[in-house]
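Here is what each chain is made of, one letter per residue.
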Amino acid sequence: MKFKKLTSLAAALVLASAPAAQAQEVGSLNELLRQIERGQTQDSAEARQREAEFNARKSEQQNLLNQARNERTAAERRGAQLEQTFEANNSLLTTKEAELDEALGELKELFGVLQQVAGDTQGKFGASLTNLEYPDREDFLVALGTKMASSTNLASIEEIEQLWFELQREVVESGKVSKFTADVISDGEVTSGEVIRIGNFVMVGDGEFLEYNSETGALTGLPKQPQGRYTSSTSDLFGAQPGETVVVGIDPTRGGVLATLVESKSLSERVFGDGGPVGLVIIGLGLIGLIIAIFLLASLLSANGKVSRQLKNIGNPTADNALGRVLMAYTSNKSVDTETLELKLNEAVLKEVPKINRGLLLVKVIAAVAPLLGLLGTVTGMIKTFQVITLYGAGDPKLMAGGISTALMTTVLGLCVAIPMILLHTILAGRAKRLISILTEQSAGMVAEHSEAAHKA
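Presented here is an overview of the structure given in this document. (Residues numbered from 1 in each chain as written. Predicted model: local features only at pLDDT ≥ 70, side-chain atom pairs only at ≥ 80, totals over all residues. Heavy atoms only, no water.)

### Topic: the pattern of salt bridges
Here the structure, examined in full by the defined rule, presents 7 salt bridges. Put simply, Arg-137 and Glu-170 hold a salt bridge, and the shortest N to O gap is 3.1 Å. With Arg-137 in helix α4 (residues 136-149) and Glu-170 in helix α5 (residues 157-173), the pair connects residues that are 33 residues apart, well separated along the chain. For Arg-137, a relative accessible area of 3% translates into the label buried. The class of Glu-170 is buried, set by a relative accessible area of 11%. Its salt-bridge partner being Lys-351, residue Glu-347 comes within 3.9 Å of it at the nearest N-O pair. (Salt bridge = Lys/Arg side-chain N within 4 Å of Asp/Glu carboxyl O. Helix = DSSP H or I, 4+ residues; strand = E, 2+ residues; numbered from the N terminus. Buried < 20%, exposed > 50% of the residue type's maximum accessible area, 1.4 Å probe, protein only.)

### Re the nonpolar core
In this structure, Val-326, Leu-345, Ile-356, Val-363, Leu-428 and Leu-439 are the most contacted members of the largest nonpolar core, which totals 40 residues. The element that contributes the greatest number of residues to this core is helix α13 (residues 397-456), accounting for 13 residues. (Core = buried A, V, L, I, M, F, W, Y, C linked by side-chain atoms within 4.5 Å.)

### Some details on the sheet that holds strand β5 (residues 218-221)
Spatially, the 5 strands close up into a barrel ordered β1-β2-β3-β4-β5, and their pairing is mixed. Neighbour-to-neighbour, the strand axes of this sheet turn through a mean angle of 50°, independent of strand direction. (Pairing = 2+ DSSP bridges. Axes fitted to C-alpha atoms, helices over the stretch in contact; angles between N-to-C directions.)

### Quick notes on the packing of aromatic side chains
Scanning all chains against the criterion turns up 0 aromatic pairs. Above the face of the Phe-125 ring, Arg-137 is positioned so that its terminal group lies 4.0 Å from the ring centre. A cation over a ring is seen here: Arg-169 above Tyr-134, with NZ or CZ 4.0 Å from the ring centre. (Phe/Tyr/Trp six-rings, centres within 6.5 Å; stacked < 30°, edge-to-face > 60°. Lys NZ or Arg CZ within 6 Å of the ring centre and 35° of its normal.)

### So, the packing of helix α9 (residues 276-312) against helix α10 (residues 322-332)
To describe two helices that pack against each other, one gives the angle between their axes and the distance between the axes. Where α9 meets α10, the closest approach of the two axes is 7 Å, and the angle between their N-to-C directions is 45°. Between α9 and α10, the crossing angle belongs to the class labelled oblique. Contacts from Val-307, Gln-310 and Leu-311 in α9 reach Leu-323, Gly-324 and Leu-327 in α10. Residues of the contact of α9 with α10, tallied by class, amount to 4 nonpolar, 2 polar and no charged. (Parallel < 35°, antiparallel > 145°, perpendicular 65-115°, else oblique. Contact = heavy atoms within 4.5 Å. Nonpolar A, V, L, I, M, F, W, Y, C, P; charged D, E, K, R; others polar.)

### Some remarks on the packing of α4 against α5
Running from N to C, α4 and α5 point in directions that differ by 135°, and their axes come no closer than 11 Å. The angle between the axes of α4 and α5 places the two elements in the oblique class. The chirality of how α4 crosses α5 is left-handed. For the pair formed by α4 and α5, the contact residues are Arg-137, Phe-140, Leu-141, Leu-144 and Lys-147 on the first element and Glu-159, Gln-162, Leu-163, Glu-166, Arg-169 and Glu-170 on the second. (Left-handed = near helix turned anticlockwise from the far one by under 90°.)

### As for a nonpolar patch on the surface
A contiguous nonpolar surface patch, about 230 Å² in accessible area, is contributed by Leu-29, Leu-33 and Ile-36. Its place among the elements puts Leu-29 in helix α2 (residues 29-104). On the basis of relative accessibility, which here comes to 34%, the residue Leu-29 falls in the partly exposed class. (Patch = residues over 30% accessible without salt bridge, like charges linked within 9 Å, V, L, I, M, F, W, Y side chains within 5 Å. Areas by Shrake-Rupley, 256 points an atom, 1.4 Å probe, with all protein chains shown as cover.)

### Some remarks on the environment of Gly-374
Residue position: Gly-374 is located in helix α12 (residues 360-392). Under the relative-accessibility criterion, Gly-374 is labelled buried at 1%. When the C-alpha positions of Gly-374 and Thr-410 are compared, they lie 4.6 Å apart, and in sequence the two are 36 residues distant. Residues in contact with Gly-374, not counting those within four places in the same chain, are Ile-282, Thr-410 and Thr-411.

### Topic: the environment of Gly-315
Position of Gly-315 relative to the elements: it lies in the loop between α9 and α10. Here Gly-315 falls in the exposed class, since its relative accessible area comes to 76%. Distance from Gly-315 to Met-328, taken between C-alpha atoms, is 10.0 Å for residues 13 residues apart in sequence.

### Let's talk about the pairing of strand β4 (residues 208-213)
Of the pairings in the sheet, the one linking strand β3 (residues 202-205) to β4 comprises 3 bridges and is antiparallel in character. Along β4, the bridge assignment pairs Gly-205 with Glu-208. Pairing geometry for β4 and β5, over 4 bridges, is antiparallel. Considered in β5, the bridge of Glu-211 is made with Thr-220. Here β4 folds back onto β5 in antiparallel fashion, the turn holding 4 residues, of which Gly-217 has a positive phi close to 70°.

Dropping the structure here:
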């Protein structure tokens, strides 16, 4: 029983250590021993093979180590040699620089000034309007500045004379009016056309002011042109003859004043833009009031003319005027007593009064409501201003300008509507009172005549 257990254990060890291809069922103890012997022989062969490979690689690694040591030694010797060469060259360079400084003498200071002038000139020319006509000079200045920045190159006489020529040409061109062809960017499109440069102040193209961007070198149209009184004479430049004098406004600040004029709003922009909805209501109300007042004034003038003609012809009353209708009422009631006639005439006059005063109340109401609407716009604008201050603070006045402009513009619009309406109402009321006074006067006169005739009878 024990022998069988030992055989099974040995077989398990052989199966665990031997390859899967060699694993087979063990039938006897002798066969087990033979398999163990074959496994030991195979393991010994593999171990010897690995040992031989290790020894071969060891020799190779030693050769690589020796080679690296030789290369390091050679690099150290070359480094020492280069260090000696560097020290010798550095000493020679110091000596040569001293000899160069001694040879240059005062010329060194001259070339330093020349370098500074070339750099300053490059910056000034880049922002100058004449750069559009003479773009090649910028390349010359860049090359000269680069050359002067080097300690090994010196400017030639020709280059110095060229720099002097460019400076003189800039002075001369700054006092000229020149016409040339250039590319203009307008609404995202590039078009080529004639432009006029007025000195070094402004550029004009197709009757409009242009803007020069010194960073990109592009000529663009302004987002909005100044008011017409500034651009009215620009188109005359393109048709002017040589020697002809044309008066055109220029910007001595080279864009500062022009930018301010562009940002300034026109009257229509202030009225319709800054006034807001309340301003539009005030304007509409003022137009309605003006139309009504003109209609009433024409009606009263016509009625006044007819009454004046009727006064010259009292004996022949007509129904096309107020006085004629009152006279007709007197003619139809001559036979009644004085008190009844007075009542009839008063009735006729009272019928004419509403016709004469028609529309006057509406004009008066508009004159009273317009400043109240202006006050409403003022309050609305101030609320908007306070909201902006709450959100962004009071550091930037431009953020508050919209609300303040609305507040002031609506007040102005309200007063501009109210003042004329009050004057028109006064004129209309005076005309109406004159007509009513004539009717009252004639009515009283007719009652007096009737009463005198009654007493005589």
